[in-house]
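A structural walkthrough
Residues per chain are reported as follows:
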Amino acid sequence: MAPAPRRPLAGTTHAAIESFLRGRGAGRMPHPGGTLLEHLRRVQLLLAEWDADPAIQTAGLCHATYGTDGFAPALLPLTERATLVALIGEPAESLVYLYASCDRAAVYPRIDGTGAVAFRDRFTGLERIPPLADLRAFLEITAANELDVLKHNTALAEQHGPELLAFLTRAGSLMSSAAQDAVAQQLA
């Protein structure tokens, strides 16, 4: 018997996370497809559709908290990481940090479908090889994020769609089959 699919985040914790994000200005911050908060919700829901673990869904909902290499505004300074840990837990916050700290110019070309990828932290300049589970989560969040951005911005889709397709195709089986299918359907 197959395991039951994971459900989207719900309940008090989800409401508290959205309240935190709203309080930090995500509901007023412009982003392709509306506001940053709307984008974060869509990323989390896409991860839920792909049956991602709740910690990955939570990280998807909060992925831009510290800003990203592609979206500079931060909702929370790195000096306050403990605030996010208290809200979403260490496993999800660790994924948020991994996503936010990724130096895309250094890391993306290194992703080739294998599990050993040296990540350069754009905040510290240091490199490390994250555990395979974290790399997989990073790629799921990346795919969900990029697919949502490109869905809501035709100019970016035309400009970056082909290179994003090549990058995510190289990631291959490091992503779930649901994520791979979504990438192929939207970008191919």
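Higher on the page you've got the structure.
The structure reproduced in this document is the subject of the present report.

Focus: the overall build of the protein
Helices and strands together make up the secondary structure of the protein, namely nine helices and four strands. Shown N-terminal to C-terminal, the secondary structure of the protein runs as helices and strands in the order α-β-β-α-α-α-α-α-β-β-α-α-α. Rg of the C-alpha trace for the protein: 16 Å, near the compact-globule value of 16 Å for 188 residues, within the 12% margin. If you line up the protein on its principal axes, its C-alpha atoms span 40 × 40 × 35 Å. The burial tally for the protein puts 47% of its 188 residues in the buried class. On the protein, roughly 8,800 Å² of surface is accessible, and the fraction owed to carbon and sulfur atoms is 57%. Of the charged side chains in the protein, 16 are positive and 20 negative; the average position of the first set lies 3 Å away from that of the second.

Re helix 7 (residues 132-151)
Over its 20 residues, helix 7 extends 28 Å from the first C-alpha to the last, a length consistent with the 28 Å expected when each residue adds 1.5 Å. The element helix 7 is largely enclosed, with a buried count of 16 among its 20 residues.

Focus on the environment of N153
Within the fold, N153 resides in the loop between helix 7 and helix 8 (154-171). Between the alpha carbons of N153 and P32 there is a distance of 5.9 Å; along the sequence they are 121 residues apart. For N153, the side chain forms a polar contact with the main-chain nitrogen of L156, separated by 2.9 Å.

Re the packing of helix 5 (residues 90-101) against helix 7
Direction vectors running N to C along helix 5 and helix 7 enclose 65°, while the axes themselves pass 10 Å from each other. Helix 5 and helix 7 meet at a crossing whose hand is right-handed. Facing helix 5, whose interface residues are L95, L98 and Y99, helix 7 presents D134, A137, F138, I141, T142 and N145. Taken together, the residues of the contact of helix 5 with helix 7 break down into six nonpolar, two polar and one charged.

Analysis parameters
- Residues numbered from 1 in each chain as written.
- Predicted model: local features only at pLDDT ≥ 70, side-chain atom pairs only at ≥ 80, totals over all residues.
- Heavy atoms only, no water.
- Helix = DSSP H or I, 4+ residues; strand = E, 2+ residues; numbered from the N terminus.
- Rg over C-alpha atoms; globule rule 2.2 N^0.38 Å.
- Buried < 20%, exposed > 50% of the residue type's maximum accessible area, 1.4 Å probe, protein only.
- Areas by Shrake-Rupley, 256 points an atom, 1.4 Å probe, with all protein chains shown as cover.
- Lys, Arg positive; Asp, Glu negative; His and termini not counted.
- Charge placed at Lys NZ, Arg CZ, Asp CG, Glu CD.
- Expected span 1.5 Å × (residues − 1).
- Polar contact = N/O pair within 3.5 Å; in protein donor to acceptor, adjacent residues only side chain to side chain.
- Axes fitted to C-alpha atoms, helices over the stretch in contact; angles between N-to-C directions.
- Left-handed = near helix turned anticlockwise from the far one by under 90°.
- Contact = heavy atoms within 4.5 Å.
- Nonpolar A, V, L, I, M, F, W, Y, C, P; charged D, E, K, R; others polar.

In short, geometric facts, not functional conclusions.
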